[in-house]
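Residue-level structural notes
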Amino acid sequence: QLHLVESGGGLVHSGGSLRLSCVISGFQGSGLSFDTVALAWFRQAPGKEREGISRISSSGGLTTYADSVKGRVTISRDNARRTVCLEMNNLKPEDTAVYYCAAQSKFKAVFSSSNTGLESSDYEFWGLGTQVTVSS
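Nothing here was measured: the structure is a model prediction, and the numbers come from that model.

We now examine the environment of R50. Along the polypeptide, R50 turns up in the loop between strand 4 (38-44) and strand 5 (51-56). On the basis of relative accessibility, which here comes to 32%, the residue R50 falls in the partly exposed class. Once the C-alpha coordinates of R50 and A109 are considered, the two residues, 59 residues apart in sequence, prove to be 19 Å apart. When residues no more than four places from it in sequence are discounted, the contact partners of R50 are F42, R43, Q44, Y100, S120 and W126. A distance of 3.5 Å separates polar atoms of two side chains, one belonging to R50 and the other to Q44.

Inspection of the secondary structure puts S54 in strand 5. Take S54: its relative accessible area is 0%, and that puts it in the buried class. When neighbours within four sequence positions are excluded, S54 is seen to be in contact with L39, A40, W41, T64, Y65, I75, L86 and L118.

Take the state of the cysteines next. A complete count under the given rule lists one disulfide for this structure. Note on cysteine connectivity: C22 is disulfide-linked to C101, with sulfurs 1.9 Å apart. Disulfide C22 to C101: torsion about the S-S bond roughly 45°, handedness right-handed. Of the two residues, C22 sits in strand 3 (residues 18-25) while C101 sits in strand 9 (residues 97-104), which places them 79 residues apart along the sequence. The pair formed by C22 and C101 is uniform in burial state, with each residue classed as buried. Not part of a disulfide, C85 finds its nearest cysteine sulfur in C22, a span of 8.8 Å.

Okay, the sheet that holds strand 7 (residues 73-78) next. Pairing is antiparallel across the open sheet formed by four strands, whose spatial order is 1-3-8-7. In the strand order of this sheet, the two ends are held by strand 1 (3-7) and strand 7, each with one partner. On average, adjacent strands in this sheet sit at an angle of 15° to one another, irrespective of strand direction. Relative to strand 3, strand 1 runs antiparallel, the two being bridged by five bridges. Paired with V5 across the strands is V23, a residue of strand 3.

This next bit is on the packing of aromatic side chains. The tally for this structure, following the rule as stated, stands at four aromatic pairs. Their ring planes at 75° and their centres at 6.4 Å tell us that Y123 and W126 sit as a pair that is edge-to-face. The partly exposed category is assigned to W126, whose relative accessible area is 25%. An aromatic cluster of at least three residues, connected via ring pairs, comprises F42, Y123 and W126. Directly above the ring of Y100 sits R50, whose terminal nitrogen or CZ lies 4.0 Å from the centroid. R50 extends its terminal NZ or CZ atom over the ring of W126, reaching a point 5.1 Å from the ring centre.

Parameters at a glance
Residues numbered from 1 in each chain as written. Predicted model: local features only at pLDDT ≥ 70, side-chain atom pairs only at ≥ 80, totals over all residues. Heavy atoms only, no water. Helix = DSSP H or I, 4+ residues; strand = E, 2+ residues; numbered from the N terminus. Buried < 20%, exposed > 50% of the residue type's maximum accessible area, 1.4 Å probe, protein only. Contact = heavy atoms within 4.5 Å. Polar contact = N/O pair within 3.5 Å; in protein donor to acceptor, adjacent residues only side chain to side chain. Disulfide = S-S within 2.5 Å. Pairing = 2+ DSSP bridges. Axes fitted to C-alpha atoms, helices over the stretch in contact; angles between N-to-C directions. Phe/Tyr/Trp six-rings, centres within 6.5 Å; stacked < 30°, edge-to-face > 60°. Lys NZ or Arg CZ within 6 Å of the ring centre and 35° of its normal.

What follows is the structure, encoded as structure tokens:
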């Protein structure tokens, strides 16, 4: 089973920036490797459903962004460090939420019914989240 640990959350003023990181471990004996899993970032604000905000393919060649964050965030992956990052800028109070990283194996991808790749049910491995708070 893979283990994901997020970091980089915190308190920023409106218009500020943050860089979130997620280290993925547990590949030894799992039958998986870092370069075969797709990765994504989700967030959940108080009183709202979990929202998929960005995805990056296993190869790193294809990225997807939700309309709510498009143009303000950039997702990337580092195979050597087995890390996925989310660079966020021009943050707004409505970005306040707990942010989660998630991983999807090829086997899970085969059975996905999502057209966007940003549905929670598409991912089988999750981190515990990191809090991002944006003050007005």
